[in-house]
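A look at the structure
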Protein chains: 2
Amino acid sequence: MRSMTVPAGYAAVSASERRFLPPAVAVSTVAFALQPPAEARIGDPATGESRPWAQAAAAGDDAVTLWIPLVRRTRPPFADCWALPGGPIPWDETLVDTALRTLRAAVRRAPGYLEQLYSFGAVERSADAQRLVTIAYWALYGEDELAGAAEPVAAMADPGASDDPHPAAGDPGSDPNVAWFSADRLPPLAFDHAEIVAYALSRLRLKTEYSAVAHRFLGETFTLAQLRAVTEAIRGHAVDPANFRRQSLAQGYLIDTGETQTGARHRPARLYRFRLRTEHPNEGIAS
Amino acid sequence: MRSMTVPAGYAAVSASERRFLPPAVAVSTVAFALQPPAEARIGDPATGESRPWAQAAAAGDDAVTLWIPLVRRTRPPFADCWALPGGPIPWDETLVDTALRTLRAAVRRAPGYLEQLYSFGAVERSADAQRLVTIAYWALYGEDELAGAAEPVAAMADPGASDDPHPAAGDPGSDPNVAWFSADRLPPLAFDHAEIVAYALSRLRLKTEYSAVAHRFLGETFTLAQLRAVTEAIRGHAVDPANFRRQSLAQGYLIDTGETQTGARHRPARLYRFRLRTEHPNEGIAS
DNA sequence: GCAAAAGTGTTACAGGTACACCCATGC
DNA sequence: GCATGGGTGTACCTGTAACACTTTTGC
């Protein structure tokens, strides 16, 4: 069992001359999902250890907490510390493509949504090391994105945290350096990634207030009860089913598929599909 | 008269090996004001020429359009092109401090508000040159900020656009390389700064919908008519005075100073002061 | 007095909330 | 039948838009 030491931080880097290098730029992504994928490992926030998740509930659809994938760093600074998926920006790749590539390398799936969050570049982040500017993104994984098999590792770019690439080791599905954590029970994070996660969480909640993002956690078709459960999980309080129905339908973004969901011991619920619409410029995955 | 040539762009840079350097990071700021400062130069969007602004209306308070300060680049790429105030990030300076310093170097005043906007890093920005990532800020100058005398140039950092510093020349108040332009009549801009300005404008309008930023264009005390005029200028449509009064006062952010504004040929208007409140984290000038 | 803008009152409407009630299914 | 959640109807509350009206100044 790997012991979880105090983060080594920048003090471990004996390269004070790095202070005079230009700032390094990296992309980091906070990804949210209602459930880790089937083959994923889950992390223990106390020990920092990760183990495979023997998924018990197969059809259970209890949307309760949010999960976030993290990557364990293998090099200083912050070696052995968990960090957000990300990495440096190659010269021929857009910011959003870097976020996508590094996220896919860690989760081995493409997210259902991706949007720029904020850029962090405080000075204290880099007391002794090279200055690091982090452009943070946030992403969502829906049921559909997590349902299929994981992508092969192949010649994929490394999921290494932030600015410190390392070769991805291990066979698909059991990389001990990638694990999912419950959003409210995270281990100590490298750099200022804890601050980034907190900011992403507040933005996610804010966004569900005036925008329609809850559906992205679900599959292509869903019942209004499922959509409401997701909304309640994010907002943190109960929502009146009757009013939620009317307001959701009045928005015009939900399309009745005509199909219904059977099997439950009550009246079958109608299945809806979300209507594709053009996103705001500089937002969404097509940024 | 300096002729306005087609932007030289990156083609003028014969350094294709720059492609393999790490991305450069710069901060650029879109600053808004209702009026250029008294000693400022105004720019002609057609010729690119700037000339001192003999301010005619002294007490005129007609809030009609928004003004933006720009800096003329003196070096390639985009030499002779106008660009947003900004510059590279020193290793010991936070992002917001870099934005503040470069903005003060150009406007020679501190803004009344400053907030991060978005980070731009598309690949096509840097076809032949070094990759450039721009972290954009937007700022507001109120009456008070622009009222006093300009700060001395001193040992101030250079206002040079984006990633290409150059020594600031000229005496205070007549630097021909800094000029204010009307926000809807801008000259061709360097890099993708036109896109950044457009995004900043849309965010400014959006922000006045659900937030209180209009007051930052004004001095410490103001009448409701002034605040309404600013709101109308930003929103682009008329607002009912009676309803605006009630809604503004109901917010609880306005404090009646007890004083009134005399001199106009109608009933004197009460003067209000804006109530200081804690801003959202990662927003505002104290980011 | 007259014009102009400050400031108040009132009504109508739209959207959200709360909650009573009916409907359709599994057991 | 009965429990359970899907789905509908409706009264109430609140914030906003529209606009008539009064008040107070300068000329």
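Residues numbered from 1 in each chain as written. Chains lettered and ligands numbered in written order. Predicted model: local features only at pLDDT ≥ 70, side-chain atom pairs only at ≥ 80, totals over all residues. Heavy atoms only, no water.

1. Let's talk about the protein's contact with DNA strand D
Residues in contact with DNA strand D amount to 21 residues; listed here are only the nearest, Ala225(A), Arg245(A), Asn243(B), Ala264(B) and Arg265(B). Backbone atoms, meaning sugar and phosphate, make up 65% of the atoms of DNA strand D lying within 4 Å of the protein. One of the side-chain N or O atoms of Arg245(A) is found 2.4 Å from a phosphate oxygen in DNA strand D. In the environment of DNA strand D, a base nitrogen lies 2.8 Å from a nitrogen or oxygen atom belonging to the side chain of Asn243(B). Per-element accounting of the surface near DNA strand D gives the leading share, four residues, to helix α5 (residues 241-251) of chain B. Tallied by class, residues from the surface near DNA strand D come to seven nonpolar, four polar and 10 charged. (Near = heavy atom within 4 Å. Polar contact = N/O pair within 3.5 Å; in protein donor to acceptor, adjacent residues only side chain to side chain. Helix = DSSP H or I, 4+ residues; strand = E, 2+ residues; numbered from the N terminus. Nonpolar A, V, L, I, M, F, W, Y, C, P; charged D, E, K, R; others polar.)

2. Some words on helix α4 (residues 224-235) of chain B
All names here are of chain B. When the terminal C-alpha atoms of α4 are compared, their 16 Å separation across 12 residues agrees well with the 16 Å that a helix rising 1.5 Å per residue should span. If you check which residues of α4 are buried, you get Leu224, Gln226, Leu227, Arg228, Val230, Thr231 and Ile234. Gly236 occupies a position one or two residues after α4 and carries a positive phi of about 90°. (Expected span 1.5 Å × (residues − 1). Buried < 20%, exposed > 50% of the residue type's maximum accessible area, 1.4 Å probe, protein only.)

3. Quick look at the sheet that holds strand β12 (residues 269-274) of chain B
Residues and elements named next belong to chain B. Read across the sheet, three strands follow the order β10-β12-β11 without closing on themselves; strand pairing throughout is antiparallel. Of all the strands in the sheet, the pair left with one neighbour each is β10 (221-222) and β11 (254-261). When β10 meets β12, the two strands line up antiparallel, connected through two bridges. The partner of Thr221 across the bridge, within β12, is Arg273. (Pairing = 2+ DSSP bridges.)

4. Digging into unusual backbone geometry
Residue and element names in this part refer to chain A. Located in the positive-phi region is Arg108, a residue other than glycine, with phi close to 60°. Inspection of the secondary structure puts Arg108 in the loop between α1 (95-107) and β7 (113-120). We classify Arg108 as buried; its relative accessible area is 8%. One non-glycine residue with positive phi stands out, namely Phe191, at about 50°. For Phe191, the position within the fold is in the loop between β9 (178-182) and α3 (193-210). Residue Phe191 is classed as buried on the basis of its relative accessible area, which comes to 12%.

These values are about where atoms sit, not about what they do.
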